[in-house]
Amino acid sequence: MIDLRSDTVTKPTKRMREAAFDAEVGDDVYGEDPTVNKLEALAADMLGKEAAMFVTSGTQGNQIAVLTHCKPGDEVLLEENAHLFLYEGASMSALAGVQPRTIRGEKGAMSPVDVAAAIRPEDIHFPETGLICIENTHNKAGGAVVPLENMKMIADVARDNGIPVHLDGARLFNAVVASGVSVKDFAAQADTVQFCLSKGLGAPVGSILAGSADFIARARKWRKRLGGGLRQAGIIAAPGIVALTEMVDRLAEDHELAKVLARGLGEFRGLEIENDVDTNIVLVNVKQAGYTSEAFLAKLKEHKILAVPFGPHTVRFVTNLNVTADDIDHVLNEMRYIV
Ligand SMILES: *Cc1c(COP(=O)(O)O)cnc(C)c1O
């Protein structure tokens, strides 16, 4: 099977398995796991934040951010197709007691004017705007890089209104590699940042939540409340260190393969590429080829290719560590029998 469903399907590299095997460990709830501490210090340093915390998943990192920034009854502003809104089981409402308010974006980027207009004035009837979330790269927008300038303008609006900004940077390093903007410059536009070690970077488990030392101290309590306090977690943090020190630059290979895939698929009559392919995600509309996304995926599977539905007629392909140039050639060859 050529698995293009997601960059989460990657298996840890040999170096990661060795790092896990050799990891020095301790009880992380006591702050005594040297490998977790090393990963957290490394991540904070790379992002230019005071502190960082290892969490079990991107969803957990995002939810801890919402819980720590907000109080029940607050409103959170975010793009209408944000992962935090679409794909986290309404957990900001279920867990933090806040309501989301969505803003229509352009390629995943909200207009700072729209963000400013959505901030609530003081009124006994209104919720208080507790948080603004930005997603970069933007998953539903096809891995689009949200430009640094756009983030800066939203950060200015947020600062003027005394509202914190959280960056859902599950694929932040894809944005860094694709744009040439430093990770510190992106991270500086937000009070807190979440990024996934377990996507394109290839680690088996985990995400990082970073912010001020005071914020992370409070976030640790929320992680514990959610059952995310781990013990000898160095075993899973060690591959995360390999991910950060050895795997960032190779994301460029995923981006290159995604472009080759998009170019090739775009030549088939009936297939329409819906996104600009900034990074490792290709969105293909299959309607003109006479398929629904589900029927197209079933057909792909007969040819030993996996992807995921991303709308009634949209299919998402994600290049990743386990996919080679030969695999992409193979996909393009097989496509002749499908459309
Ligand atoms: C994958 C993803 C998450 C959630 O990460 P998990 O580790 O799957 O919980 C959050 N935000 C975005 C943009 C993502 O792509």
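Conventions and cut-offs
Residues numbered from 1 in each chain as written. Predicted model: local features only at pLDDT ≥ 70, side-chain atom pairs only at ≥ 80, totals over all residues. Heavy atoms only, no water. Core = buried A, V, L, I, M, F, W, Y, C linked by side-chain atoms within 4.5 Å. Buried < 20%, exposed > 50% of the residue type's maximum accessible area, 1.4 Å probe, protein only. Helix = DSSP H or I, 4+ residues; strand = E, 2+ residues; numbered from the N terminus. Contact = heavy atoms within 4.5 Å. Pairing = 2+ DSSP bridges. Axes fitted to C-alpha atoms, helices over the stretch in contact; angles between N-to-C directions. Arc of directions from axis to C-beta. Salt bridge = Lys/Arg side-chain N within 4 Å of Asp/Glu carboxyl O. Domains from an automatic or database assignment. Buried area = accessible area lost by both parts, 1.4 Å probe. Phe/Tyr/Trp six-rings, centres within 6.5 Å; stacked < 30°, edge-to-face > 60°. Lys NZ or Arg CZ within 6 Å of the ring centre and 35° of its normal.

Peer 1: Account for the nonpolar core, with residues named and values stated.
Peer 2: With 55 residues, the main nonpolar core has I132, F186, F195, L197 and I208 as its most contacted residues. Among the elements that make up this core, the one with the highest residue count is helix 11 (residues 234–246) (six residues). With residues near it in sequence (within four places) discarded, I132 still touches L77, M110, V115, I119, I154, A158, I163, P164, V165 and H166.

Peer 1: I'd like a rundown of the sheet that holds strand 13 (residues 314–318), residues and numbers included.
Peer 2: Pairing is antiparallel across the open sheet formed by four strands, whose spatial order is 9-10-13-12. Two strands bound the open sheet, and with one partner strand each, they are strand 9 (272–273) and strand 12 (308–309). The pairing of strand 12 with strand 13 spans two bridges and is antiparallel. Across the sheet, the residue bridging to P309 is V315, located in strand 13. Along the sheet, helix 12 (residues 251–266) makes contact with strand 9, strand 10 (281–285) and strand 13, crossing strand 10 at roughly 15 degrees. Each of strand 12 and strand 13 is contacted by helix 13 (residues 293–302), which is oriented at about 45 degrees to strand 13, the strand it contacts most.

Peer 1: Kindly report on helix 1 (residues 14–22), identifying the contributing residues and their values.
Peer 2: By the burial criterion, the buried members of helix 1 are M16, A19 and A20. Taken around the axis of helix 1, the buried residues stretch over an arc of 100 degrees, which confines them to a single face. Exposed and oriented more than 90 degrees from the buried face of helix 1 are K14, R17, F21 and D22. Summarising the contacts, the buried residues of helix 1 are in contact with helix 11.

Peer 1: Give me the side chain of T129: which residues, what numbers.
Peer 2: Relative to the helices and strands, T129 is located in strand 5 (residues 128–135). Excluding residues within four positions of it along the chain, T129 makes contact with E75, L77, A118, I119, R120 and I163.

Peer 1: Before we move on, could you go through the pattern of salt bridges and cite the residues and values that matter?
Peer 2: Using the criterion set out here, one finds 18 salt bridges in the structure. In this structure, E18 and R15 form a salt bridge, with 3.9 Å as the shortest nitrogen-oxygen distance. In this pair, E18 and R15 both sit in helix 1, three residues apart, roughly one turn of the helix. According to the relative accessible area criterion, E18 is partly exposed, its value standing at 32%. Residue classification places R15 among the partly exposed positions, given a relative accessible area of 40%. The salt bridge involving R15 is made with E246; its shortest N-O contact spans 2.8 Å. Of the two residues, R15 is situated in helix 1 and E246 in helix 11; the sequence distance between them amounts to 231 residues. Connected through salt bridges with shared partners, the residues K14, R15, E18 and E246 form a single ionic network.

Peer 1: Requested: an account of the domain arrangement of the chain, with residues and values cited.
Peer 2: Domain boundaries assigned for the chain yield domain 1 (10–246) and domain 2 (250–337). For domain 1 versus domain 2, the distance between C-alpha centres works out to 28 Å. Between domain 1 and domain 2, the contact holds 21 residues from the first and 17 residues from the second. Roughly 1,500 Å² of surface becomes buried between domain 1 and domain 2 when both sides are summed, with 57% attributable to carbon and sulfur atoms.

Peer 1: Which residues make up the packing of aromatic side chains, and what values go with them?
Peer 2: Using the criterion set out here, one finds three aromatic pairs in the structure. Each ring, one from F173 and one from F195, has its centre 5.1 Å from the other, and the planes form 85 degrees; the classification is edge-to-face. Within this pair, whereas F173 is found in helix 8 (residues 172–179), its partner F195 is found in strand 7 (residues 192–196), the two being separated by 22 residues in sequence. Looking at F195, the relative accessible area reads 1%, which means it is buried. Considering the side-chain rings of Y291 and F296, the 5.2 Å spacing of their centres and the 75 degrees angle between planes classify their relative orientation as edge-to-face. A single burial state applies to Y291 and to F296, both of which are buried. Note that K140 overlies the ring of F310, its terminal NZ or CZ placed 4.9 Å from the centroid. Of note, R225 hangs over the ring of W222, and the distance from its end group to the ring centre comes to 4.3 Å.

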